[in-house]
Amino acid sequence: MMKDDEMNDRGGKDRGIDIPGRLRRLSNFERYLLWSAENNLAAVARIHGDVHEDDLRRAIDSVGAVHPLMSARVVIDGHHDIWFSTDHAQKATLRTVPRTSEEQWFEEVRLEYLVPFKPVRGPMIRFVLVCSKEVSELIAFSQHSICDGISLANLLRDILASYANPVEGGQAICPPRATDYLDKSGIISLKFTYDADIDHYNNQWQNKPHYFSQEDFCCIYKALAGRVRHEIVVLQLEPEETMDLVSRCRENAATVTSALTAAFLAAYQEIRGQLPENRRTIQVPFDLRRRLGANHGDFLGFFVGAFKFPFAYDSKRSFWKNAQELQEIIRKRAEMIDTSAIDMEPFDPTLVDAFTNCAPYVDLLPEAFSQTENLSALARDRDNIAFELCSKAVYNLPGTISSNIGRLYFPETYGSLRLDRMFFVAPASEAFPLFIAGVSINDRLAFSLNYVERVGGGDALTGDMIRIRNRALEYLGFPEEASDRAI
């Protein structure tokens, strides 16, 4: 696996030294996330109290001085490697809108999904304050390559802390690549294919490569935004209900994550039917920082592992038996710290660009591939190895992704403000039938179902997702919380 200090097969350790403001080179998985049209995410904090815009802007700038990736941009060098850089860094923006309803925060998140980031210019995060004098929502909307869900939640906490107790500057925390930490920690990474196969793919690609620019990926992003819109349906529990759920899980040898995942799977199967056989798999992202001891650093960065395993809800068994089985599988895989589901490091980085973020859209979004010469050239080259790898990758996508930030032990008060609850809005795609994202704070739990509806296609899927949420609440023992509202 290549590191910044030993890239002998890609030009040596001096690669990138002439890039002003260089932080580090992106890993292949970060690179996949960087150019993805479907991998932005948001964390949302609901705040009680009167939030002053000027003080919030100052707090965002102050925290940005500590976390370089908040203002970083990317630089593509002459070898097609991509680097984070603080040269000509731009501060993260804050957009403020009046709050008119409890649901408005998601309307603002949906607006953010329509606008692609431009990583070559930066920044790759922006903020929205949906405000009233009594209650506001602060939204952190980010490009996934610079952060994960826990990073975003921690960032909102740090901004609120800085709002309440202004301080000047602070020591910058530059996060390493997760892949570097994996090597040093002896964490297992199980490859999904053999080295010989990857060498074969890389050799074929290097004989016939295609290279892409920010313009190419923005064309794909805009075309996709014209096809689908991001939607969520939220399951929320109040503190007494959350503690009741925790007790039920303990009694049944399950966790909140396994119980929620089993409940949504059971409900999905009842309402939308069994997933295709190749999609009866679950992918579980997990926070690597929690497994690296006390010196991991509380930084903003992408620091996630993920494993995938086959699982189908068995309707002939009880709900809690399914949750127990699911929990046992997750426990064993988590103990291995298996990161195989996101291991892309052995591939040529430019091949990753092609088979993850270009080839999947050639037939889906033909209008995008007529707009630039780079995209048109790939679309004409259908024998390219990128299409074979794309087909394999798409076939093996998980049917369910269950991502839970977990229970956060944040302070509740920040000066005159009180943090009421948080929401986690994960990426969504037509490729992922069931994408669950959860977070709990102050014993207020929120899990979101993340999906996309076709533009102009009506709200049929949303109706089903509301029914799935309501049925999941029944499985968990809270039928009284069902409603016909999405949020």
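Residues numbered from 1 in each chain as written. Predicted model: local features only at pLDDT ≥ 70, side-chain atom pairs only at ≥ 80, totals over all residues. Heavy atoms only, no water.

## A look at the overall build of the chain
Now for step 1: Secondary structure assignment for the chain yields 14 helices and 15 strands.
Now for step 2: Taken over C-alpha atoms, the radius of gyration comes to 22 Å for the chain, in line with the 23 Å a tight globule of 487 residues would show.
Now for step 3: Counting only C-alpha atoms and orienting by the principal axes, one finds that the chain spans roughly 60 × 60 × 50 Å.
Now for step 4: When burial is assessed residue by residue, the chain has 59% of its 487 residues classed as buried.
Now for step 5: Partitioning the intrachain contacts of the chain with sequence separation of at least 6 by distance along the chain shows that 78% fall at a separation of at least 24.
Now for step 6: Roughly 20000 Å² of accessible area belongs to the chain as shown, and the carbon and sulfur atoms make up 49% of that amount.
Now for step 7: Computing the positive centroid from 55 side-chain charges and the negative centroid from 69, the chain places the two 1 Å apart. (Helix = DSSP H or I, 4+ residues; strand = E, 2+ residues; numbered from the N terminus. Rg over C-alpha atoms; globule rule 2.2 N^0.38 Å. Buried < 20%, exposed > 50% of the residue type's maximum accessible area, 1.4 Å probe, protein only. Contact = heavy atoms within 4.5 Å. Areas by Shrake-Rupley, 256 points an atom, 1.4 Å probe, with all protein chains shown as cover. Lys, Arg positive; Asp, Glu negative; His and termini not counted. Charge placed at Lys NZ, Arg CZ, Asp CG, Glu CD.)

## Section: the sheet that holds strand 12 (residues 413-414)
Now for step 1: Strand order in the open sheet formed by 6 strands is 5-6-7-2-13-12, with mixed pairing between adjacent strands. Two strands lie at the open edges of the sheet, namely strand 5 (93-98) and strand 12, each paired on one side alone.
Now for step 2: Alignment of strand 6 (residues 125-131) against strand 7 (residues 135-143), held across 6 bridges, turns out to be antiparallel. Among the inter-strand pairings, Ile125 is bridged to a residue of strand 7, identified as Ser142.
Now for step 3: The sheet contacts of helix 3 (residues 104-113) involve strand 2 (40-48), strand 5, strand 6, strand 7 and strand 13 (417-425), and relative to strand 7 the element is tilted by about 20 degrees.
Now for step 4: Its contacts with the sheet put helix 4 (residues 149-164) on strand 2, strand 6, strand 7, strand 12 and strand 13, and the angle it makes with strand 2 is roughly 35 degrees. (Pairing = 2+ DSSP bridges. Axes fitted to C-alpha atoms, helices over the stretch in contact; angles between N-to-C directions.)

## Brief notes about unusual backbone geometry
Now for step 1: With an omega of -10 degrees, the peptide bond running from Gly122 to Pro123 counts as cis.
Now for step 2: With respect to the helices and strands, the residue Pro123 is situated in the loop between helix 3 and strand 6.
Now for step 3: Its identity is not glycine, yet His80 carries a phi of approximately 75 degrees, on the positive side.
Now for step 4: Assignment of secondary structure puts His80 in the loop between strand 3 (73-76) and strand 4 (82-85).
Now for step 5: A residue is classified by how much of its surface remains accessible, and His80, at 25% relative accessible area, is partly exposed.
Now for step 6: The phi dihedral of Asp443 is positive, around 60 degrees, even though this residue is not glycine.
Now for step 7: Counting through the fold element by element, Asp443 comes out in the loop between strand 14 (434-441) and strand 15 (444-454).

These values are about where atoms sit, not about what they do.
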